[in-house]
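This is what each chain is made of:
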Amino acid sequence: MAQLNSLCFTFIILCGTVGAVFEDQVGKFDWRQQYLGKVRFSHFDTYMQSSKKILLATEKNVFAAVNTRTGDLFWRHVDKSGPEGNIDALLQHGQDAVVVVGNGRLLRSWEINIGALNWEILLDSGSFQAACLIGQQDNVKHVAVLKKTVISLHYLSNGHQKWIENLPESENVDYQTLYSGGNGEVYILGVVPHSHMAIVVYSAEDGEIIKQISVDAPWLSNIPSSCAVVGNGMLICVDPTAESLYMLDLHEESQFTQIPFQSLGYEVSPDFHPVLVSTQPNQARQPLSEFFLQLGHEHYLLLLLSNGQIVTLRDFKPAMLVSFATAGEKTVAAVMSPKNKTACSLNLYNAETGRRLLDTTLIFNLDPNGGQPEKLYVQAFLKKDDAVGYRVMVQTEDHTLTFLQQPGRVMWTREEALSDVVTMEMVDLPLTGTQAELEGEFGKKADGLLAMVMKRLSSQLILLQAWISHLWKLFYDARKPRSQVKNEVTIENLSRDEFNLQKMMVMVTASGKLFGIDSKTGSILWKHYLENIPSNAAFKLMVQRTTAHFPHPPQCTLLIKDKDTGLATLHVFNPIFGKKSHVSPPALPQPILQSFLLPLMDQDYAKVLLLVDDQYKVTAFPSTKNVLQQLQETASSIFFYLVDASQGRLSGYRLRTDLSTVLIWEVFVPTEVQKIVTIKGKRPNEHVHSQGRVMGDRSVLYKYLNPNLLAVVTESTDLHQERSFVGIMLIDGVTGRIIHEAVQRKARGPVHVVHSENWVVYEYWSTKSRRNEFSVIELYEGMELYNSTTFSSLDRPFAPQVLQQSYIFPSSISAVEATLTEKGITSRHLLIGLPSGGILSLPKMFLDPRRPEIISEQSREENLIPYAPELLIRTEWFINYNQTVSRVRGIYTAPSGLESTCLVVAYGLDIYQTRVYPSKQFDVLKDDYDYMLISSVLFALFFATMISKRLAEVKLLNRAWR
Amino acid sequence: MARLLRLNFAVVSSILLIACTDFVFCNNGRRVGDSMETEFSGFSVPLEHSYEVDDAARFQVRGSLVVKAGREPSASLIQNQLSEEDRTKLREVAAVDGLYRIRVPRVFLQAERQTDRQLDGHLTAFVRACAMVESHLSDVITLHSDVSGNLIGVSIVTIPGACSGAEVEDEVDLEVFNTTLSIMAPVTAPGPETALFLERMEQESEKKGKNPQEQKSFFAKYWYLILGGAIFLMATNSAQPPAGGAREQS
């Protein structure tokens, strides 16, 4: 019976936490955006004239096909992240795309229409150099892969290896590139630096060496960056030091002939490495004789090689980008040149003559909030009258792809910077104009009775007017068919909704581009590209002023820090409109060690940001007189901590009234034993509703709610599986007191930590049992509170009680975060991003160190789930149902105006936004709530009472008469 | 090699060092020197304190910590008395809400030789000077060590910890330290408890086994239903005249 009881009990508990979406709710509260990353290789599908596909291989190891009409994905394949899934080369032939992956580890062929895998083969080890399609008599049947020491030829149809040969003298010669002119020969070009160039010619048929030449070239070091094959097997190289071109006929055993740039009549810009651009439209034929030579940042030459002579066809200056494109038999050159400050113009030129084609101008308007164009991809096609038409895809510095067609219409843009979101914040939207007006009335200082009355009346009038116009709009919209009513969100009509469910997502990406995204629809409302961001920058986004302080605009501050030098800059902006604020941030000449927001506000309601430099001096922003005065008053209660993970030193400082600091505590974690991996504090906007937990015997166990508590996670330097450990230390950030110190033996990172309320949850890899485990630490003050009114780190002499329990988790995880609600009444869930792409909402109830091993009457009273060592993954806990989120790197949670609802954003390669209801929607009526039934019952009851009252009166009267 | 040995030793000893906290009360107002070797393989390190009106660090010797190294390290404290001058200064610092700081050098508790023990740098902690005064110099000092026996942190709290502004009699209360000293090693965090759970499951299944009512198989439980269903099916089949069959014949 007890067994049955406990079963029923768990069943009831589990039922309580089920929160799946209904089929008709799909996409109602959530959205997903899929991204690719910065494009590395791109091919237009030229196999069919009507095809609308572009193949993209990116630096995020993604291979995808994008619809050129809409910019949507046809299909996408996400490979392993890191060098293992790195896409080295992309070759396309007909319906097949051949991809070399992971430094020449794998050779894959994809069917480009549906994105199916044709075949995949494992290549021999060796670092990848080059790959190329090999054609013979107008037929491309093979693909050649050149590695450091071997060359192999594979059939395009099934990937089988035709032959593999070791390269001669591979220990001396650095083989770098491959060339095939379609005559059944494979040329391999290698170089011995400062000495000579080695050319080996293989027969594509059987892999025999036909020829082996060595040519003196002491000036050559890197072939792919300085050479190109042009025309009938002529190798052309540039030598910037000698300021000349070198030419070599690969078919003959000869020497390089030198052609100085002066003989062409041009000069190279100083400090510029000239670049050659050639084109081979058909792999089974020779490259064209025309090629581009870039002589400066904005200087290109279109050259023609004829009979061993180089002729200039056209000089392009200024020209930003050039590209060849082929349509049918015609090859054209597209040249992008600056038009004015905000626009560029593109023109097509006949490649053979260098003549400009008529009516081919295309205007590309530069986004003032974007970067400069970086790459140009041209899709040329033949029109009905045999003229050449074209579309272009422009890639800019901020990783944006813009697809244009004549005369400059933008068909779509893809913001690929969003594939690498570093940090984000959610900001409340401002009130509508009328609401703001009302708010403003109370904000201002009172100026007389009459004026106030007038103001009140006027604002009431405005409200009335707004209400009438709203009614009119409703009436007007109701007459229209539903499909025509559009609720498009633009930056003009942004306003807070009733329950504050719609917010502005401010996202910071690694490329330095900032985005403002509407959380309801996912549309990008503003973007801003920050130039000159160092490649190894660390970002920290802080909300200094929220929208609550009308008429002061909200204000966000982004701290951008160069990780090597420590030098930092501040970017202050309005998070609703993305505009740079007119407030000038302080100059920071010293490296910054620490930054933090204080709860202090200046007279304009901006929170004070303190920056600590390497001289332990503090800079305040804003630094008005008011702020400095407040700082002086409160200096003795402002403490901060610094962490130097390289020395294992944690130290605490106290602010002095002159904004200098004094060292007050120091903790050393010896780096020989363990290294500090992460430090997690609590979120400042977190509310804890209940101070304690009611036990089975009606007594209260009080939580240890220390807002200054830090969870410091360390990993052992000894990685042997028997001796490795993960350490967790709970340190008070004010006093430096070590509250608790525990080691998880035979464990290894990566460790994911969540720190909230009175608990810390961390996940690690157990080397002994070879599985992922979760551990939870909870801190309690005991049965009575030490000081129930305020919490002060300086006055808590007794150490808290520490409870800990661990569980097995059946999957590895990529990110973890806890839900957050307005008042903290709703129970907490952990949101866990899994590598499989699911986002799991695991009730915190399952991670509770008080789960009893033996069930007692009291534990049942307390609703504790009996201990089970394994945490199960239940499919209905996935909040993103079938919407896979690839490579989740972070999860952000924000409270909404409804206590039951928490907004969740998961970001990684994709971005997914949804709402979760950890305790179900206890404060919301259901969608299908029967208003009609309830009101009709109410009315019926009302009338029934009226009638019965009347009847009773009549009856009384009659009785009185009797 | 020596290093490896040391590490091994450290691991072995630290396993035995789980949550060993030794409380030593020491309140002997003896004057002691900076450092002294004790007879039982212990060694001593200075405990210094600093309290200045301008919060600058001017550390002076407060006493010496005698640490008994080994598998279960323990420590005792020999402290000096506060002089008249010190007491006045402490009260002055307390009046301006200054800090009372202590520090100990970083040491390695399990080293064999004296030279291996000392690492450069100090571990520092603080309390408010007023708390020190109002608690009549009764403080709790905890030394925290890591897995291999390095001292990583020190903490000090006074009991009671609050500064309520209570008056303190000078001579009697601010002369002698009343210190509780302990060494804390990290606790080993528990792993998932599978053994106990399995045991419980077994017990439950045994319980189930004892109950013959629940042990019955599916067929044993519902034989009558299945039989009834089968009979019903047969009956309906035979009752229906084979119309299709008739057509076949024709």
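It should be emphasised that the depicted structure is a prediction, and the values quoted were computed from it without experimental measurement.

A. Representation of the overall build of chain A in the model. Looking only at helices and strands, chain A has eight helices and 62 strands in total. Seen through its C-alpha atoms, chain A measures out along the principal axes to roughly 130 × 75 × 70 Å. Looking at chain A as a whole, 52% of its 962 residues qualify as buried. Considering only residue pairs separated by 6 or more positions, chain A has 50% of its internal contacts joining residues 24 or more positions apart. Here chain A displays about 44,900 Å² of accessible surface, and carbon together with sulfur accounts for 53% of that area. Of the side chains in chain A, 90 bear a positive and 99 a negative charge, and the two mean positions are spaced by 9 Å.

B. Quick peek at the packing of aromatic side chains. Residues and elements named next belong to chain A. Applying the stated criterion across every chain yields a total of 30 aromatic pairs over all chains. Relative to Y653, the ring of Y616 lies with its centre 5.1 Å away and its plane at 20°, an arrangement referred to as stacked. Separated by 37 residues along the polypeptide, Y616 in the loop between β42 (607-613) and β43 (618-621) and Y653 in strand β45 (residues 649-655) bring together distant segments of the chain. Here Y616 falls in the partly exposed class, since its relative accessible area comes to 31%.

C. Examining the pattern of salt bridges more closely. This model, assessed by the stated rule, comprises 38 salt bridges over all chains. E52 of chain B is paired through a salt bridge with K89 of chain B; the nearest N and O atoms lie 3.2 Å apart. Note that E52 of chain B is positioned in the loop between β2 (42-50) and β3 (60-68) and K89 of chain B in helix α2 (residues 84-95), a separation of 37 residues in sequence. Exposure remark for K89 of chain B: the relative accessible area of 22% places this residue in the partly exposed category. One connected set of salt bridges, linked through shared partners, spans R693, E778, K844, D848, R850 and E862 of chain A.

D. View of the environment of D614 of chain A. Tracing the backbone shows D614 of chain A in the loop between β42 and β43. With 24 residues separating them along the chain, D614 of chain A and Q590 of chain A place their C-alpha atoms 6.6 Å apart.

E. View of the interface of chain B and chain A. In this complex, chain B contributes 44 residues to the contact, which on the side of chain A involves 49 residues. On the chain B side of the interface with chain A, the three residues burying the most area are F126, I152 and P192 of chain B, jointly 16% of the side's total. Our enumeration of links across chain B and chain A arrives at 13 residue pairs in polar contact (both at pLDDT 80 or more). Those elements giving two or more residues to the side of chain B that touches chain A turn out to be α1 (2-15), β5 (99-107), β6 (118-128), β7 (138-145), β8 (151-158), β10 (187-188) and α6 (194-210) of chain B. Within the side of chain B that touches chain A, the residues separate by chemical class into 19 nonpolar, 14 polar and eleven charged.

F. Looking closely at the environment of A198 of chain A. Residues and elements named next belong to chain A. Residue position: A198 is located in strand β16 (residues 196-203). Judged by its relative accessible area of 9%, A198 is buried. The spatial distance from the C-alpha of A198 to the C-alpha of L382 is 41 Å, given a sequence separation of 184 residues. Each residue touching A198, except ones within four places of it in the same chain, is listed here: V173, I188, L189, G190, I213 and S214.

G. View of the nonpolar core. L65, V67, L90, Y100, I102 and V154 of chain B are the most contacted members of the largest nonpolar core, which has 37 residues in total. Other than its neighbours up to four places away in sequence, I102 of chain B contacts L47, E48, H49, F59, R62, L123, T124, A125, I141, V154 and I156 of chain B.

H. Looking closely at the sheet that holds β10 of chain B. Taking strand neighbours across the sheet as the criterion, the five strands line up as β47(A)-β50(A)-β51(A)-β52(A)-β10(B) in an open arrangement whose pairing is mixed. A strand with exactly one partner marks an edge of an open sheet, and here the two such strands are β47 (674-680) of chain A together with β10 of chain B.

I. Region of the structure containing the state of the cysteines. Counting across every chain of the model gives two disulfides over all chains. Paired by a disulfide, C227 of chain A and C237 of chain A hold their sulfur atoms 2.0 Å apart. Here the S-S torsion is close to 105°, and the disulfide linking C227 of chain A with C237 of chain A is therefore right-handed. Of this pair, C227 of chain A sits in strand β18 (residues 227-230) while C237 of chain A sits in strand β19 (residues 234-239), and the two are ten residues apart along the sequence. For C227 of chain A, a relative accessible area of 11% gives the class buried. Of the residues examined, C237 of chain A reaches a relative accessible area of 0% and is grouped as buried. Here C130 of chain B engages in a disulfide with C163 of chain B; their sulfurs sit 2.0 Å apart. The chirality of the disulfide connecting C130 of chain B with C163 of chain B is right-handed, given an S-S dihedral of about 90°. Residue C130 of chain B is located in helix α4 (residues 129-134), and its partner C163 of chain B is located in the loop between β8 and α5 (170-173); the two are separated by 33 residues in the primary sequence.

J. View of the confidence of the model for chain A. For chain A, per-residue confidence averages 87 on the pLDDT scale, and 95% of positions sit at 70 or higher. Confidence drops under pLDDT 50 across residues 7-18 of chain A; counting only partners more than four residues distant or on other chains, this segment forms 16 contacts.

Scoring rules and cut-offs
Residues numbered from 1 in each chain as written. Chains lettered and ligands numbered in written order. Predicted model: local features only at pLDDT ≥ 70, side-chain atom pairs only at ≥ 80, totals over all residues. Heavy atoms only, no water. Helix = DSSP H or I, 4+ residues; strand = E, 2+ residues; numbered from the N terminus. Buried < 20%, exposed > 50% of the residue type's maximum accessible area, 1.4 Å probe, protein only. Contact = heavy atoms within 4.5 Å. Areas by Shrake-Rupley, 256 points an atom, 1.4 Å probe, with all protein chains shown as cover. Lys, Arg positive; Asp, Glu negative; His and termini not counted. Charge placed at Lys NZ, Arg CZ, Asp CG, Glu CD. Phe/Tyr/Trp six-rings, centres within 6.5 Å; stacked < 30°, edge-to-face > 60°. Salt bridge = Lys/Arg side-chain N within 4 Å of Asp/Glu carboxyl O. Buried area = accessible area lost by both parts, 1.4 Å probe. Polar contact = N/O pair within 3.5 Å; in protein donor to acceptor, adjacent residues only side chain to side chain. Nonpolar A, V, L, I, M, F, W, Y, C, P; charged D, E, K, R; others polar. Core = buried A, V, L, I, M, F, W, Y, C linked by side-chain atoms within 4.5 Å. Pairing = 2+ DSSP bridges. Disulfide = S-S within 2.5 Å. pLDDT = per-residue confidence, 0-100.

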